[in-house]
Amino acid sequence: MTASFDFAVVGAGIVGLAHALAAARAGHRVVVLDREAQSVGASVRNFGFVTVTGQERGDCWRRALRSRDVWAEVAPQAGIRIEHEGLLVTARRAEAMAVIEAFAATDMGRDCTLLTAAEARSRCPHLAAGGLAGGLWSPHERRVESRDAIPKLKDWLEAEKGVIFLRPVHVHGIEERTLYTSAGRIEAARIVVCPGDERLALYPERISALGIGRCRLHMLKVRPGNGARLPGAVMSDLSLVRYLGYAALPEAQALRRRLEAEQPAHLAEGIHLIVVQGADGDLVVGDSHHYEASPAPFAQGHVDDLILDELDAVLDLGPRTVVERWMGTYAHLPDRLMVVDAPEPHVRLVVVTSGTGASTAFAIAEEVLADLEGATA
Ligand SMILES: Cc1cc2nc3c(=O)[nH]c(=O)nc-3n(C[C@H](O)[C@H](O)[C@H](O)COP(=O)(O)OP(=O)(O)OC[C@H]3O[C@@H](n4cnc5c(N)ncnc54)[C@H](O)[C@@H]3O)c2cc1C
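None of these values were measured; they are calculated from a predicted model.

Rules and cut-offs
Residues numbered from 1 in each chain as written. Predicted model: local features only at pLDDT ≥ 70, side-chain atom pairs only at ≥ 80, totals over all residues. Heavy atoms only, no water. Domains from an automatic or database assignment. Contact = heavy atoms within 4.5 Å. Buried area = accessible area lost by both parts, 1.4 Å probe. Helix = DSSP H or I, 4+ residues; strand = E, 2+ residues; numbered from the N terminus. Buried < 20%, exposed > 50% of the residue type's maximum accessible area, 1.4 Å probe, protein only. Polar contact = N/O pair within 3.5 Å; in protein donor to acceptor, adjacent residues only side chain to side chain. Near = heavy atom within 4 Å. Nonpolar A, V, L, I, M, F, W, Y, C, P; charged D, E, K, R; others polar.

(A) Representation of the domain arrangement of the protein within the structure. Assigned domains within the protein: domain 1 (3-44 + 147-211 + 336-375) and domain 2 (84-143 + 213-332). Contact residues are listed per partner, giving 12 residues for domain 1 and 11 residues for domain 2. Buried surface at the junction of domain 1 and domain 2, summed over both partners, amounts to about 930 Å²; 46% is from carbon and sulfur atoms. If you sort the residues of domain 1 by the area they bury against domain 2, Arg147, Asp197 and Arg199 come out on top, with a joint share of 54%.

Set out below in structure tokens:
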């Protein structure tokens, strides 16, 4: 017998789980299928950093604000700990300070606070000695420990929202309302495909036509040697030429020129700094960006060294230890942060094509659900 549902979601990463939540909240009977027995994709390899400040002006920033609110609402219900709130952007150079001053004057800088060097040090006593022009404090961000949060979100959707999870089940075809899977056929009135950076299993010709590629990132887990506690996430000058909310400002051009002269190796490896902390005090630190059709399987030591070099320039962690290293990949387009494609009126292909899925997925899912319901009413 073929099982039948109102709503089928392919992919149990954060994008798929966000769609399952939106559909369950709308009263639909939902099934989620994933080919992995447990989540191992981008959604558990990331920082769990729900970033608002610095996201691209417009839809991305708006979606990040909304998704942050959904995280805040769902996390306590699902038993997910918010590890910390807020973001400290440190500025070592005058040019970096000029960028965050310009940012603070925009509407996106509302509720953010410009800090002198002394104020930044008082907020984060473990900032490294050495030149510091000042900083920016944003209250908007949240951080979850993704490797715990994603399984907990899945368990809560299953237990409290009645979502059915079928895994490990590979979906190898969709025709009309039938999903052809490694566990047989499933019928669903509406289908959302959230495959992350898997480009060949479903709608490969559409994914190819969209030009979706992949980005590989290096990540580290670092144990401070001095018990350092951070007030929130920490970023540095390099982030101000990467995150579009800052990088699009005219002031970022002078900073980029200076960084090209002073940190060319970091820029060549696509490195900027994000540091977040967990309950055990360990820090998740990254990252680098390499754009490759087939991500290289070998992590280059010098890339990790450059990330740690930037970490040490920003934070004094005493005799720190690297306790884990890993790489992650996400889907990438150079000019679009996310894509929603409609292969059929009742099917949507949803791919976040940038490093923003943890920050925007809940809002994207609400929009996709409204669109699907409108198209298939
Ligand atoms: C190292 C790293 C750091 C990041 N940092 C941040 C950050 O700080 N903040 C932020 O907002 N974003 C961050 N991101 C981006 C974010 O993690 C991604 O945008 C997001 O996780 C993508 O979610 P997803 O559900 O689309 O993909 P995934 O988590 O990869 O999930 C896709 C799922 O689909 C399943 N699947 C695919 N095809 C099939 C099929 N045919 N049948 C069955 N199952 C299938 C896969 O098994 C997989 O479980 C980061 C990403 C990485 C890699």
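(B) Region of interest: the side chain of His266. Along the polypeptide, His266 turns up in helix 10 (residues 264-268). Residue His266 is classed as buried on the basis of its relative accessible area of 5%. Looking at His266, its side chain comes within polar contact range of the main-chain oxygen of Leu306, at 3.1 Å. Sequence-distant contacts of His266, defined by excluding residues within four places in its chain, comprise Leu238, Ile271, Leu306, Asp309 and Glu310.

(C) Here's a closer look at the side chain of Thr90. Looking at where Thr90 falls in the secondary structure, it is placed in strand 4 (residues 84-91). Among the polar contacts listed, one links the side chain of Thr90 to the backbone oxygen of Met235, at a separation of 2.9 Å. When residues no more than four places from it in sequence are discounted, the contact partners of Thr90 are Leu127, Leu132, Gly134, Gly135, Val234, Met235, Ser236, Asp237 and Val314.

(D) Examining the site of the ligand more closely. Not every one of the 36 residues close to the ligand is listed here, only the nearest: Asp34, Ser43, Asn46, Phe49 and Ser359. Interatomic distance of 3.3 Å between a backbone N/O atom of Ile14 and an oxygen atom of the ligand. One of the backbone N or O atoms of Val171 is found 2.9 Å from a nitrogen atom in the ligand. Among the elements of the structure, helix 1 (14-25), helix 2 (42-45), strand 11 (213-223), strand 16 (321-332) and helix 12 (357-375) are those that each provide at least two residues to the shell around the ligand. When its residues are assigned to classes, the shell around the ligand shows 17 nonpolar, 14 polar and 5 charged. Counting only domains with at least three residues in the shell around the ligand, you end up with domain 1 (3-44 + 147-211 + 336-375) and domain 2 (84-143 + 213-332).

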